[in-house]
Amino acid sequence: MLDWIRRIKKITQTLSLPSRDSSSRSQSQLNPAKLIPATEVFLSQLIQHHLLVADLLIDDATRASEANAKKQRAIAARYQARAKDLQELLIKLGASYMEVQQQIRDRLDVLIERTEGKGWPEDVMRIFIVFTLLEDAYLRLAKGLTPARRLKVEAMLSDNSLADYCQEALAGAIENLPQLTNDLALFGRAILADALLEVRDLASFDEVLRDKPKDPVELTREQFKVLEPLTSELVANHTLRMDSVSYTHLRAH
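Bear in mind that the values here come from a model prediction, so they are computed numbers and not experimental data. (Residues numbered from 1 in each chain as written. Predicted model: local features only at pLDDT ≥ 70, side-chain atom pairs only at ≥ 80, totals over all residues. Heavy atoms only, no water.)

### Considering the overall build of the chain
Along its length, the chain carries nine helices and zero strands. Of the regular secondary structure in the chain, the N- to C-terminal order runs α-α-α-α-α-α-α-α-α. In the chain, buried positions account for 52% of the 253 residues. Pairs at least 24 apart in sequence give 82% of the contacts found in the chain among residues at least 6 apart. Of the roughly 12300 Å² of accessible surface on the chain, a fraction of 51% belongs to carbon and sulfur atoms. (Helix = DSSP H or I, 4+ residues; strand = E, 2+ residues; numbered from the N terminus. Buried < 20%, exposed > 50% of the residue type's maximum accessible area, 1.4 Å probe, protein only. Contact = heavy atoms within 4.5 Å. Areas by Shrake-Rupley, 256 points an atom, 1.4 Å probe, with all protein chains shown as cover.)

### Description of the pattern of salt bridges
The full count for this structure, using the stated rule, is 16 salt bridges. The salt bridge partner of Arg241 is Asp136, with a shortest N-O separation of 4.0 Å. Of this pair, Arg241 sits in helix α9 (residues 216-251) while Asp136 sits in helix α5 (residues 120-141), and the two are 105 residues apart along the sequence. Note on accessibility: Arg241 and Asp136 belong to one class, buried. Taking the shortest distance from any N to any O, the salt bridge between Lys212 and Asp206 comes out at 3.2 Å. Classification of Lys212 as partly exposed rests on a relative accessible area of 42%. (Salt bridge = Lys/Arg side-chain N within 4 Å of Asp/Glu carboxyl O.)

### Side note on unusual backbone geometry
One non-glycine residue with positive phi stands out, namely Tyr97, at about 55 degrees. Here Tyr97 is to be found in the loop between α3 (66-91) and α4 (98-114).

### Describing the side chain of Asp194
Assignment of secondary structure puts Asp194 in helix α8 (residues 180-202). Assessed through its relative accessible area of 10%, Asp194 is described here as buried. Among all residues touching Asp194, those that are not within four sequence positions of it are Leu111, Arg114 and Thr115.

### Let's talk about the confidence of the model for the chain
The predicted model of the chain has a mean per-residue pLDDT of 86, with 85% of residues at 70 or higher. Here residues 1-28 is a poorly scored stretch, pLDDT under 50, and it has 51 contacts once near neighbours within four places are set aside; other chains count. Long-range and interchain partners of residues 249-253, a stretch whose pLDDT sits below 50, account for five contacts in this model, where long-range means more than four residues apart. (pLDDT = per-residue confidence, 0-100.)

### Looking at the packing of α3 against helix α7 (residues 161-176)
Where α3 contacts α7, the two axes come as close as 11 Å, and the packing angle between them is 160 degrees. Between α3 and α7, the crossing angle belongs to the class labelled roughly antiparallel. Crossing hand, α3 versus α7: left-handed. For the pair α3 and α7, the contacting residues are Asn68, Lys71, Gln72, Ile75, Arg78, Tyr79 and Arg82 in the first and Ser161, Leu162, Tyr165, Glu168 and Ala169 in the second. Residues that form the contact of α3 with α7 fall into these classes: five nonpolar, three polar and four charged. (Axes fitted to C-alpha atoms, helices over the stretch in contact; angles between N-to-C directions. Parallel < 35°, antiparallel > 145°, perpendicular 65-115°, else oblique. Left-handed = near helix turned anticlockwise from the far one by under 90°. Nonpolar A, V, L, I, M, F, W, Y, C, P; charged D, E, K, R; others polar.)

### Regarding the packing of aromatic side chains
Applying the stated criterion to the full structure yields one aromatic pair. Relative to Tyr138, the ring of Phe42 has its centre 5.7 Å away and its plane inclined at 75 degrees; by these criteria the two rings are edge-to-face. Here Phe42 is found in helix α2 (residues 39-61), whereas its partner Tyr138 is found in helix α5, with 96 residues between them in sequence. (Phe/Tyr/Trp six-rings, centres within 6.5 Å; stacked < 30°, edge-to-face > 60°.)

### Considerations on the nonpolar core
Of all hydrophobic cores here, the largest spans 71 residues; its most connected members are Leu35, Phe42, Leu86, Val130, Phe131, Val153 and Leu162. Looking at which element gives the most residues to this core, the answer is α5, with 13 residues. Beyond its immediate stretch of four places on either side in the chain, Leu35 contacts Leu30, Leu141, Ala203, Ser204, Phe205, Val208, Val226, Leu227 and Leu230. (Core = buried A, V, L, I, M, F, W, Y, C linked by side-chain atoms within 4.5 Å.)

### Digging into the packing of α5 against α7
Orientation of α5 relative to α7, taken along the N-to-C sense of each, is 150 degrees, at an axis distance of 10 Å. Compared by their axis directions, α5 and α7 come out roughly antiparallel. With respect to the hand of their crossing, α5 and α7 are arranged in left-handed fashion. Contact with α5, carried on its side by Trp120, Pro121, Val124, Met125, Ile127, Phe128, Thr132 and Glu135, involves Leu162, Ala163, Tyr165, Cys166, Gln167, Ala169, Leu170 and Ala173 of α7 and no other residues of that element. Residues that form the contact of α5 with α7 fall into these classes: 13 nonpolar, two polar and one charged.

### A word on the layout of surface pockets
Each pocket or cavity is described by its volume, and for the largest pocket that value is around 290 Å³. Around the largest pocket sit 18 residues that line it, and Thr132, Leu157, Asn160, Ala163 and Arg241 are the ones nearest its centre. Each residue belonging to the lining of the largest pocket can be placed in one class, and the counts come to seven nonpolar, six polar and five charged. (1 Å grid on protein atoms, 1.4 Å probe; cavity = no way out; pocket = protein on both sides within 12 Å on 5 of 7 lines; lining within 4 Å. Points joined across faces, edges and corners; volume = space filled by probe spheres on them.)

Below you can see the structure in the form of structure tokens.
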């Protein structure tokens, strides 16, 4: 498990794309709130995030044990309720922005295709790695919302029930079948990069990247330079979550 964490760190170092002149830049002072897109876009993304997590939990429950399936459906219901609350916030802005939401869902569907696993343990691993990391990113970007919206969104995203469930479920799966560790490690390596790319896609660079390169490759490089302080925090928290899986598994023995 610890080996897995070291490999993930190497991937992240590549994706963060540190600036060649990072010594002269104060990227560590980046305020994530400056990366928030327009409020209607941010809320639309968060709505689709919650609906997608709910859908995945319900679909994946068909391959889970009875006890885990029950827990997944309960968490899914909570995410559906949150999506409804967020939709009400969005409507107060003057519209439902269904076209924007559809575009976001289409993008997330591509993420799901790229991170598809095999079997229930990888289903849970995908949710644990990809969607808890994305919620961590949303929580930081939410600082750019108005105070009332920020408090509501932060309260939602501060609920750790999804991560706690995934941690316990994965530790239990590894305890029952220790050889899963290597398979899950390889799978985790593959999908962390996709999660970080989605962080890039959900952010807005209008305030922090005025002169955007026209070349797509160079643009991606510059975007990840800007994101480096944020991705470093996200991966640090991700590593702690992975440590918690390892600790729970070891404690069971």
